[in-house]
Amino acid sequence: MSNDYQFDVLIIGSGAAGLMSAIQLSDNLSIAVIAKDKILEGSSYYAQGGISAVLDPEDNFESHITDTMNTGFHLGNEASIRFMVEKAPQAIIDLEKTGVKFSNTDNKYDLTTEGGHSSNRVAHVADKTGQSIQVNLLAHVQKHNNIKLFEEYVAVDLIVTDKRCHGTYVLDKNSKEILTFSSKKTILATGGASKSYLYTSNPDTSTGDGIAMAYRAGCKIANMEFTQFHPTCLFHPHAKSFLISETLRGEGAKLILPDGQEFMHKYDERLELAPRDIVARAIDNEMKIHGFDCVYLDFSFKDAEWIKSRFPTITQRCKELGIDISKEALPVVPAAHYTCGGVDTNIDAQSNIKNLYAVGEVAHTGVHGANRMASNSLLECIVFAKSCAQHINENILENSSYVIPKWDDSRVAPSKEKVVIAHLWHEIRLIMWNFVGIVRSNNRLKSAYLKIQQINKEVDEYYQVYTVTEDLIELRNLAQTSKIIVESALSRKESRGLHFNQDFPNQLNETENTVLTKA
Ligand code: FAD
Ligand code: SIN
């Protein structure tokens, strides 16, 4: 027996999905939460816009369900969407219990809107909703003696035999050792894979690790062709990944060309508040037609003091970069933002591997279909973290008799060539951006497939002979996830939502989810 750590439940990832899962698990369970970076680092911390829920008496569940179905081009699973939408008001209460204070006026939520929503139903904490959620969830977790946090521990691979998960091999970044975490239940909460693309709104943690690990372990992976591009990331050489929230458009901001002309009327009658796939394609098209590097988002007609109090984070970051948001339009471009597909799960977050769950952006619960509606992601994290935890609490945790073999590194040696990893990493992200981006074609997808397949081969060979490092783990996962994205895109013979293929421009009447499993 060589288990370095033993827990009832291992949670891989400390974003909103991971931390909320930990909070909702019973106090009599021993729980480990591991994070490959600092505990607060991940997409959740940077969420600006908010979290959607029916909180206005004028709004109703049916409307939230219909908007979500329509935005997802009717590929979403209506039962899962209903489950999430009906639990949304409670999710807001669950967050408030941890200390999150949503922006309000006269004790009424200050609800705003974003693309696809037909009512104001986005609750927010100014423009730092994610930061507030993460700080409060973490403080709450730290009050629990049964939850142990492991910062800078990178999950390498799940330990699965006969379709049953026993735990995970984990790299301790400081000691550089690979440890064994054995667990009766394992929850993947590793976030998305938007770092597969050259330009992204996401932090460095979004390298598709959970999706790739689950794929290698035999999980079903669904709908990975649907990468969401956020229409408005700041276009500035020093503003790596900085998002300009859709809630600016929710509050009236206009998209314009460099000469001040508006253009959204050419694309959709909902103008700036059309769903993201439409707005991102419109911007992409305008940039291509005119040869522009970016378009602009104008909010300068709003009162400067109001902008500062409603959007303090964006105002401050722009100021640091020399842009006064209340006086000038912001240069913006689309960037990869969200992975709609992922590890296929039911409403209890169970995957098809026993004792393995997936929650948050890593999961495919069926709520987003072919395009996620704004602010439904944090909601999905909170709702399904709870149903996952409840399922674990109510199901007796079995002791596994399986003896986990110790990590074998007897046949590998440290690499002296970091350049190989850096080069392949960049190549993948360039291929994905140019060939598997906002507008796709059969030729570009086929070309991307051949190139990504070759890179996977090289990475596999490298992995066989060199000692595992965080960079190598991420490169391997990024390569495998990118391959899954391209394969999924090739297998969809239509254009729907975020997947737009010039060679199949029409939407089919009947369609299914794309599900891939390792052969
Ligand atoms: P994350 O928050 O990304 O956390 C992933 C965790 O997994 C991290 O702790 C990471 O360290 C860990 N991890 C990953 N791989 C490993 C590994 N191999 N080993 C160990 N740990 C690992 N959605 C909304 O609904 N509303 C918004 O307003 C909104 N705004 C957004 C703004 C930005 C800039 C971004 C990037 C996203 C936004 N989204 C928003 C999307 C939403 O924030 C994310 O989908 C959601 O927060 C994902 O949460 P998560 O817990 O699944 O993953
Ligand atoms: C944003 O604030 O524009 C992001 C919202 C989201 O991704 O749901």
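Check the entry above for the structure.
All values derive from a computational prediction rather than experimental measurement.

Participant: Would you mind going over the packing of aromatic side chains with me for this structure?
Facilitator: What characterises a pair of aromatic rings is the spacing of the ring centres plus the angle enclosed by the ring planes. This model, assessed by the stated rule, comprises 21 aromatic pairs. Ring centres of Y45 and Y46 lie 5.4 Å apart, and the angle between their planes is 80°; on these two criteria the pair is classed as edge-to-face. Under the relative-accessibility criterion, Y46 is labelled partly exposed at 40%. One aromatic cluster is present, built from ring pairs that chain together Y5, F7, F150, Y153 and F181. Taking the ring centre of Y338 as reference, the NZ or CZ of R372 above it sits at 4.1 Å.

Participant: For this particular structure, what's the right way to read the sheet that holds strand β11 (residues 221-222)?
Facilitator: Backbone-to-backbone hydrogen bonds join strands into a sheet, with any given pair of strands oriented parallel or antiparallel. The sheet built from 4 strands is open, its strands ordered β18-β16-β11-β19 with mixed pairing. In the strand order of this sheet, the two ends are held by β18 (363-364) and β19 (515-516), each with one partner. Against the sheet, helix α6 (residues 209-216) touches β11, β16 (342-344) and β19, its axis set at about 45° to β16.

Participant: Where do I start with the site of ligand 1 in this structure?
Facilitator: Taken together, 40 residues are adjacent to ligand 1, and S44, G50, E361, S377 and L378 come closest. Measuring from an oxygen atom of ligand 1, one finds a backbone N or O atom of S43 at 3.0 Å. A total of 1,000 Å² of accessible area belongs to ligand 1 in isolation, and the protein chains cover 99% of it. Sorting elements by how many residues they give to the shell around ligand 1 places helix α11 (residues 376-394) first, with 4 residues. The residue inventory of the shell around ligand 1, partitioned by class, reads 15 nonpolar, 19 polar and 6 charged.

Participant: What's the story with the nonpolar core in this structure? I'm lost.
Facilitator: Core analysis: the largest hydrophobic core is formed by 66 residues, its most contacted members being I34, F181, L188 and I221. Judged by nonpolar contacts, the second largest core, of 54 residues, contains I11, A91, C381 and A385.

Cut-offs and rules
Residues numbered from 1 in each chain as written. Chains lettered and ligands numbered in written order. Predicted model: local features only at pLDDT ≥ 70, side-chain atom pairs only at ≥ 80, totals over all residues. Heavy atoms only, no water. Phe/Tyr/Trp six-rings, centres within 6.5 Å; stacked < 30°, edge-to-face > 60°. Buried < 20%, exposed > 50% of the residue type's maximum accessible area, 1.4 Å probe, protein only. Lys NZ or Arg CZ within 6 Å of the ring centre and 35° of its normal. Pairing = 2+ DSSP bridges. Helix = DSSP H or I, 4+ residues; strand = E, 2+ residues; numbered from the N terminus. Contact = heavy atoms within 4.5 Å. Axes fitted to C-alpha atoms, helices over the stretch in contact; angles between N-to-C directions. Near = heavy atom within 4 Å. Polar contact = N/O pair within 3.5 Å; in protein donor to acceptor, adjacent residues only side chain to side chain. Areas by Shrake-Rupley, 256 points an atom, 1.4 Å probe, with all protein chains shown as cover. Nonpolar A, V, L, I, M, F, W, Y, C, P; charged D, E, K, R; others polar. Core = buried A, V, L, I, M, F, W, Y, C linked by side-chain atoms within 4.5 Å.

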